[in-house]
Amino acid sequence: MKTTYREAMRAALRDAMKRDERVFLMGEDVGRYGGSFAVSLGLLEEFGPDRIRDTPLSESGFVGAGIGAALGGMRPVVEIMTVNFSLLALDQIINNAATLLHMSGGQFNVPIVIRMTTGAGRQLGAQHSHSLEGWYAHIPGLRILAPATLADARGMLWTALQDPDPVLIFEHGSLYNVAGELDDDAGAVDIDKATLLREGDAITLITYGGTLPLVLEAAEQLDGEGIDADVIDLRTLRPLDAHTIMDSVARTHRAVVVDEGWRSGSISAEIAARICEQAFFDLDAPVERVCSLEVPVPYAKHLEQAALPSVERVMAAARRAVGAGG
Amino acid sequence: MTTLRSQGIPDAEHAVHLLRQMLRVRRLEEKCIELYSAAKIRGFLHVYIGEEAVAAGVMEALEPEDAVVATYREHGHALLRGVSAGAILAEMYGHAEGCCRGRGGSMHLFDAATRFYGGNAIVVSGLPLAVGLALADRMAGRQRVTVCFFGEGAVAEGEFHESMNLAALWQLPVLFCCENNLYAMGTALGRSESQTDIALKADGYEISAWAVDGMDVLAVEEAARRAVDAVRSGGGPHFLELRTYRFRAHSMFDPELYREKSEVTRWMERDPISLLRAAMQAAGQLPEKDWAALQADVDAEISTAVGFAENGTPEPVSELSRFVYSDRPDDASAGGGGPEERGTTAGKGGAAG
């Protein structure tokens, strides 16, 4: 069937609400407004205000309440409008959700799912455009998902809800309108493994989330230049599936990591370090990284685009890695 | 505020029970100070001495299925909620027999069996959790109450206000118990709050709130029963401001430069244990031999607990990376978070993931 990323997300929520009466959605404008990105449009009418629960603008309060509800036996899905706003809830996410199981010696699980948008590209300025999922991937106790495909938009939520531990799902804002074919019976998907979306033998392109479409496009164009690329969709930033990365690098001997976060201290830094630790002798070239420039994301379209990873920058990095000139 | 004198003493058995509860907390913590000084236990140690009437009175109003959320000054709450003194002390020793297997320590006591949810060291962090626990009960149609203890320092934090608002907006079954001991570490209430009437703040959120003499266990119990009954019967969130005082320093590292000794001495004249004991004696309820027997009982309990903790076993380092993520059916051994963590960190004994 033809669907969009947004509709796939909505179908996943509807499915979860029907399957398990403990599941409920809570967040800013998820109900009467229909979701700030229209993901939950229509669900209020279907499930009522108890389970599609509008909250005040109090991120720490309602994320903490979600954690408490999870401790109390519910399966909350908490929506935060953007990753920038999630910073107001860092105390609850990091000091409580991520730590309660360990601090309690295994007594208290926190089966919460927190969804939020991430990323730039829509001229929304610095306070709505950052990519901070790499920060969250720093935290032991959290699982970090970044669905990039329709199948993952449809399938990751239910798997996340089966996880006894806190799961954060980052949805890139530029993906919601992506349309395509999805199997009629599409359902839950694995959240442990990265996916090799395209096979080549010259170089490994590693990315996730909102930059996947541009990396696939770069791979197509590189193919035309005789550079045949593996493309890995990480899907899960924590725990990282290093096996899929190393298997690919062992075949291609070159890697480019594409990450919309800033380069310093980023998830791409982690991936590059792991390749050096685990696959150093497989490498024929330094690991390349294509990240956002280290500026707050600006409003003006030309400035914003110049700050973000692009097809051209990915291709240039790949060419450098294979020694074809950048 | 009501006083012991104005209410009269309950029956002797109940009065002795309350006295015992307060004394158990007092003796446990006096022992903690000793053990700390002897370097048997480490980390931060915050004792509740002087404030025992608050936990003792409030716990009386609760049922086993209710939930309790507390702060880092929570040994008394844990003990009176039903966590054994042995499990509490073993936790401070870092032993496997501790209520959190040595991962929590003094500030992070948890116990699933008694629905004791910490043990939170971020002063206000427990409030949203309590709101959520109450929300879960509400959504599941359970008649349970969640009680949340926090200090007056927490009211300066944003989560306090977010939690008051949410609890009142959704009419959740939660009882907020503000333990107002007048100092947030060393900062006096008047130096941190523009409005020092804390019950009034809760009132501003349309939450029924009143102030109680927190040195008077009978007043605390009476107020708590009234509030818990109201919460349980669907009356929405309630709020108690319990006016109390800690006789000891904030922690073992605190030189107490911020308050006069004379102030401490003045408050110690209203020691909640002495106050109840004196009232009972005046009512002819507590012969000297009964008081001696009570003390001996409590001393024996604590002494046994120390022995239990002392003879415990250190939580093995091989277990270090357990409980970061849940053990899963297909991965019972490592407890890691996924293929990579599971495969490497447990094996190498590291916690890097």
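Nothing here was measured: the structure is a model prediction, and the numbers come from that model.

(A) Representation of the overall build of chain B in the model. Helix and strand content of chain B: 13 helices and 8 strands. A compact globule built from 353 residues should have a C-alpha radius of gyration of about 20 Å, and chain B, at 21 Å, falls within 12% of that. Along the three orthogonal principal directions, the C-alpha set of chain B runs to about 65 × 50 × 40 Å. Once local pairs closer than 6 in sequence are excluded, the contacts in chain B between residues at least 24 apart make up 72%. As displayed, chain B offers around 13,500 Å² of accessible surface, 52% of which is attributable to carbon and sulfur atoms. Of the charged side chains in chain B, 34 are positive and 50 negative; the average position of the first set lies 2 Å away from that of the second.

(B) Seen up close, the sheet that holds strand S3 (residues 146-151) of chain B. Residue and element names in this part refer to chain B. A sheet is described by the order of its strands in space; here 6 strands give the open sequence S2-S1-S3-S4-S8-S7, paired in parallel fashion. Where the open sheet ends on each side, the last strands, each with one partner, are strand S2 (116-119) and strand S7 (208-213). On average, adjacent strands in this sheet sit at an angle of 15° to one another, irrespective of strand direction. Of the pairings in the sheet, the one linking strand S4 (residues 174-180) to strand S8 (residues 238-243) comprises 6 bridges and is parallel in character. In the sheet register, Cys178 faces S8, and the bridge partner there is Glu241. Against the sheet, helix H3 (residues 52-59) makes contact with strand S1 (67-70), S3, S4 and S8, and its axis sits at roughly 170° relative to S3, the strand it touches most. Contacts between helix H7 (residues 158-169) and the sheet are confined to S3, S4 and S8, with S4 contributing the most and set at about 150° to the helix.

(C) Structural context of the nonpolar core. The biggest cluster of nonpolar side chains holds 161 residues, and the ones touching the most others in it are Ile275(A), Phe150(B), Phe176(B), Phe239(B) and Leu240(B). If we skip the residues at most four places from it in the chain, Phe176(B) touches Leu127(B), Val131(B), Cys148(B), Phe150(B), Ser163(B), Met164(B), Ala167(B), Ile207(B), Pro237(B), His238(B), Phe239(B) and Leu240(B). Residues Val23(A), Val39(A), Val113(A) and Trp158(A) belong to the second largest nonpolar core, which totals 34 residues.

(D) Focus on the packing of aromatic side chains. Residue and element names in this part refer to chain B. Taken as a whole and judged by the stated rule, the model has 16 aromatic pairs over all chains. Here the aromatic rings of Phe44 and Phe253 are separated by 5.7 Å at their centres, their planes lie at 85°, and the arrangement is edge-to-face. With Phe44 in the loop between helix H2 (12-37) and H3 and Phe253 in the loop between S8 and helix H10 (261-268), the pair connects residues that are 209 residues apart, well separated along the chain. Here a set of aromatic residues connected by ring pairs shows up, and it is made of Phe150, Phe160, Phe176 and Phe239. Over the face of the ring belonging to Tyr36 we find Arg42, whose NZ or CZ atom lies 4.4 Å from the ring centre. In this structure, Arg226 packs its charged tip against the face of Trp210, placed 4.1 Å from the ring centre.

(E) Representation of the interface of chain A and chain B in the model. If you look at the interface, chain A gives 52 residues, while chain B gives 44 residues. With both chains or domains summed, chain A and chain B bury close to 3,800 Å², and 60% of this area falls on carbon and sulfur atoms. Among the residues chain A hides against chain B, the three largest losses belong to His102(A), Met103(A) and Phe108(A). Together they make up 17% of the total. At the boundary of chain A and chain B, one finds 0 salt bridges. Across the contact surface, chain A and chain B share 20 residue pairs in polar contact (both at pLDDT 80 or more). Per-class residue counts for the side of chain A that touches chain B are 20 nonpolar, 19 polar and 13 charged.

(F) Fine view of unusual backbone geometry. Of note, the amide linkage connecting Arg238(A) to Pro239(A) takes the cis form, showing an omega dihedral of -5°. Looking at the element boundaries, Pro239(A) is found in the loop between strand S12 (236-238) and helix H10 (242-252). Residues Gly118(B) and Gly119(B) are joined by a peptide bond in cis, for which omega reads 10°. With respect to the helices, strands and loops of the structure, Gly119(B) is situated in strand S2.

(G) Geometry of the side chain of Asn96(A). As for its placement among the helices and strands, Asn96(A) is situated in helix H5 (residues 90-97). Owing to a relative accessible area of 2%, Asn96(A) belongs among the buried residues under this scheme. Apart from the residues within four sequence positions on either side, Asn96(A) is in contact with Ile67(A), Asp91(A), Asn120(B), Ser125(B) and Leu129(B).

(H) Fine view of the sheet that holds strand S14 (residues 288-292) of chain A. Residue and element names in this part refer to chain A. Strand order in this open sheet of 5 strands is S9-S11-S10-S13-S14, and the pairing throughout is mixed. A single partner strand is all that each edge strand has here, and the edge strands are strand S9 (195-198) and S14. Strand-to-strand twist across the sheet, computed as the mean angle between neighbouring axes with direction ignored, equals 25°. Running over the sheet, helix H9 (residues 212-224) touches S9, strand S10 (203-207), strand S11 (229-233) and strand S13 (255-262) and is turned about 170° from S11.

(I) Looking closely at the packing of H2(B) against H3(B). Residues and elements named next belong to chain B. Remark: H2 packs on H3, axes separated minimally by 9 Å, with the N-to-C direction vectors making an angle of 135°. One way to sum up the angle between H2 and H3 is to call them oblique. Crossing handedness for the pair H2 and H3: right-handed. Seen from H2, the contacting residues are Leu18, Gln21, Met22, Val25 and Arg26; seen from H3, they are Glu52, Ala53 and Ala56. Partitioned by chemical class, the residues of the contact of H2 with H3 number 5 nonpolar, 1 polar and 2 charged.

(J) Structural context of the confidence of the model for chain B. All names here are of chain B. The predicted model of chain B has a mean per-residue pLDDT of 92, with 91% of residues at 70 or higher. In the model, residues 331-353 has pLDDT below 50 throughout and makes 48 contacts with residues more than four positions away in sequence or in other chains. Scored as a complex, the prediction yields pTM 0.94 and ipTM 0.94.

(K) Region of interest: helix H9 (residues 217-232) of chain B. All names here are of chain B. An ideal rise of 1.5 Å per residue puts 22 Å on 16 residues; H9 measures up with 22 Å between its terminal C-alpha atoms. Buried residues of H9: Val217, Leu218, Ala219, Val220, Glu221, Ala223, Ala224, Ala227, Val228, Val231 and Arg232, and no others. One side-chain oxygen of the residue at the start of H9 lies 3.0 Å from the amide nitrogen of Leu218, identifying that residue as Asp216. Following H9 by one or two positions, Gly234 adopts a phi angle in the positive range, close to 95°.

(L) Local environment of the pairing of strand S4 (residues 75-82) of chain A. Residue and element names in this part refer to chain A. Counted residue by residue, S4 has 8 buried out of 8 residues, so it is predominantly covered. Across 5 bridges, the pairing between S4 and strand S5 (residues 113-118) is parallel. Across the sheet, Glu79 pairs through a bridge with Arg115, a residue of S5.

(M) View of a nonpolar patch on the surface. Together, Phe44(B), Met252(B) and Phe253(B) make up an exposed nonpolar region whose accessible area comes to about 310 Å². By relative accessible area, which is 45% here, Phe44(B) ends up partly exposed.

Cut-offs applied
- Residues numbered from 1 in each chain as written.
- Chains lettered and ligands numbered in written order.
- Predicted model: local features only at pLDDT ≥ 70, side-chain atom pairs only at ≥ 80, totals over all residues.
- Heavy atoms only, no water.
- Helix = DSSP H or I, 4+ residues; strand = E, 2+ residues; numbered from the N terminus.
- Rg over C-alpha atoms; globule rule 2.2 N^0.38 Å.
- Contact = heavy atoms within 4.5 Å.
- Areas by Shrake-Rupley, 256 points an atom, 1.4 Å probe, with all protein chains shown as cover.
- Lys, Arg positive; Asp, Glu negative; His and termini not counted.
- Charge placed at Lys NZ, Arg CZ, Asp CG, Glu CD.
- Pairing = 2+ DSSP bridges.
- Axes fitted to C-alpha atoms, helices over the stretch in contact; angles between N-to-C directions.
- Core = buried A, V, L, I, M, F, W, Y, C linked by side-chain atoms within 4.5 Å.
- Buried < 20%, exposed > 50% of the residue type's maximum accessible area, 1.4 Å probe, protein only.
- Phe/Tyr/Trp six-rings, centres within 6.5 Å; stacked < 30°, edge-to-face > 60°.
- Lys NZ or Arg CZ within 6 Å of the ring centre and 35° of its normal.
- Buried area = accessible area lost by both parts, 1.4 Å probe.
- Salt bridge = Lys/Arg side-chain N within 4 Å of Asp/Glu carboxyl O.
- Polar contact = N/O pair within 3.5 Å; in protein donor to acceptor, adjacent residues only side chain to side chain.
- Nonpolar A, V, L, I, M, F, W, Y, C, P; charged D, E, K, R; others polar.
- Parallel < 35°, antiparallel > 145°, perpendicular 65-115°, else oblique.
- Left-handed = near helix turned anticlockwise from the far one by under 90°.
- pLDDT = per-residue confidence, 0-100.
- Expected span 1.5 Å × (residues − 1).
- Patch = residues over 30% accessible without salt bridge, like charges linked within 9 Å, V, L, I, M, F, W, Y side chains within 5 Å.

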